[in-house]
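So the chains spell out like this:
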Amino acid sequence: MVPQLNTDLSSAPHKQQSQQGSADRSFAMKPSSTAISLLLAVAVAVAMAAAEEGPAANYLVFVDAPPSGVICTTYQLGILAAALGSEEKAKGAIIYNYKNVVSGFSARLTPSELEAVKKQPQVNRVLPSTTLSLMSSNFDGIS
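Residues numbered from 1 in each chain as written. Predicted model: local features only at pLDDT ≥ 70, side-chain atom pairs only at ≥ 80, totals over all residues. Heavy atoms only, no water.

- Per an unreviewed UniProt entry, the protein goes by Inhibitor I9 domain-containing protein and derives from Oryza brachyantha.

Below, the structure written as structure tokens:
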């Protein structure tokens with residue numbers, strides 16, 4: 001009598017290992033609830049810090065005239081970058097450069113950024129940017 005070989009691979013040990021291995025891999029890919037909780041806590045902390053910071057507003061910043069031979073916009077961007085900590089932040093905050101009548105710029109700043117700008121030695125004055133409207137259109141009898 002010839003012994004019969006078992007050709008059914010469903011009970012083979014290697015198949016059970018591969019099924020167990022895939023189960024382990026799928027478990028490893030699932031984020032744990034601890035990691036999700038940690039990410040949520042960080043997001044809440046960042047949102048609270050932004051809320052405490054206060055909203056950004058537009059300001060007019062009057063600065064000393066640039067030294068001879070220095071490009072005005074580069075000089076003003078350098079002042080703002082020194083206050084904000086990076087040139088990228090300064091480029092994102094600056095709105096307009098003034099160089100003909102006064103030397104300065106307008107920028108969108110948070111309260112803490114505003115305080116840092118005011119501490120720069122080249123800064124003379126900082127004013128909130130406002131829009132004024134005329135109370136009357138009648139000047140010296142001319143409508």
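Alright, that's what it looks like, and here's the rest.
## Focus on the nonpolar core
1) Next: Of all hydrophobic cores here, the largest spans 19 residues; its most connected members are V61, V63, L80, L109, V117, V123 and V126.
2) Next: At the level of elements, β1 (57-63), α3 (72-84), α4 (87-93), β3 (104-109), α5 (111-118) and β4 (123-128) are the ones that each hand at least two residues to this core.
3) Next: No other element matches α3, which puts seven residues into this core.
4) Next: With near-sequence residues (within four places) excluded, V117 lies in contact with V61, L80, A83, L109, V123 and V126. (Core = buried A, V, L, I, M, F, W, Y, C linked by side-chain atoms within 4.5 Å. Buried < 20%, exposed > 50% of the residue type's maximum accessible area, 1.4 Å probe, protein only. Helix = DSSP H or I, 4+ residues; strand = E, 2+ residues; numbered from the N terminus. Contact = heavy atoms within 4.5 Å.)

## Things to note about a nonpolar patch on the surface
1) Next: Among the surface-exposed residues, I95, Y96, Y98, V101 and V102 lie close enough to one another that they form a single nonpolar patch of about 510 Å² accessible area.
2) Next: Along the chain, Y96 turns up in strand β2 (residues 94-98). (Patch = residues over 30% accessible without salt bridge, like charges linked within 9 Å, V, L, I, M, F, W, Y side chains within 5 Å. Areas by Shrake-Rupley, 256 points an atom, 1.4 Å probe, with all protein chains shown as cover. Salt bridge = Lys/Arg side-chain N within 4 Å of Asp/Glu carboxyl O.)

## Some points on the pattern of salt bridges
1) Next: Evaluated as defined, the whole model comprises two salt bridges.
2) Next: Between E87 and K91 there is a salt bridge, and its shortest N-O distance comes to 3.3 Å. Taken together, the residues E87 and K91, both in helix α4 and four residues apart, mark about one turn of the helix.
3) Next: E87 sits in the partly exposed class, given a relative accessible area of 45%.
4) Next: Residue class for K91 comes out partly exposed when judged on its relative accessible area of 46%.
5) Next: The residue E115 makes a salt bridge to K118 at a minimum N-O spacing of 3.8 Å. Taken as a pair, E115 and K118 lie in helix α5 at a separation of three residues, close to a single helical turn.
6) Next: Accessibility expressed as a relative area gives 40% for E115, which makes it partly exposed.
7) Next: Classification of K118 by relative accessible area gives partly exposed; the value is 43%.

## A word on the sheet that holds β2
1) Next: Spatial strand order, β2-β3-β1-β4: four strands in an open sheet with antiparallel pairing. With partners counted over all chains shown, the strands left at the sheet margins are β2 and β4, one partner each. Across the sheet, the mean angle from the axis of one strand to that of its neighbour is 20°, orientation sign disregarded.
2) Next: Where β1 and β4 come together, five bridges link them in antiparallel fashion. By the bridge assignment for β4, F62 is matched with R125. (Pairing = 2+ DSSP bridges. Axes fitted to C-alpha atoms, helices over the stretch in contact; angles between N-to-C directions.)

## Considering the side chain of Q76
1) Next: With respect to the helices and strands, Q76 occurs in helix α3.
2) Next: Q76 gets classed as buried once you look at its relative accessible area, which sits at 0%.
3) Next: If sequence neighbours within four positions are ignored, Q76 has contacts with V63, N97, Y98, S103, G104 and F105.

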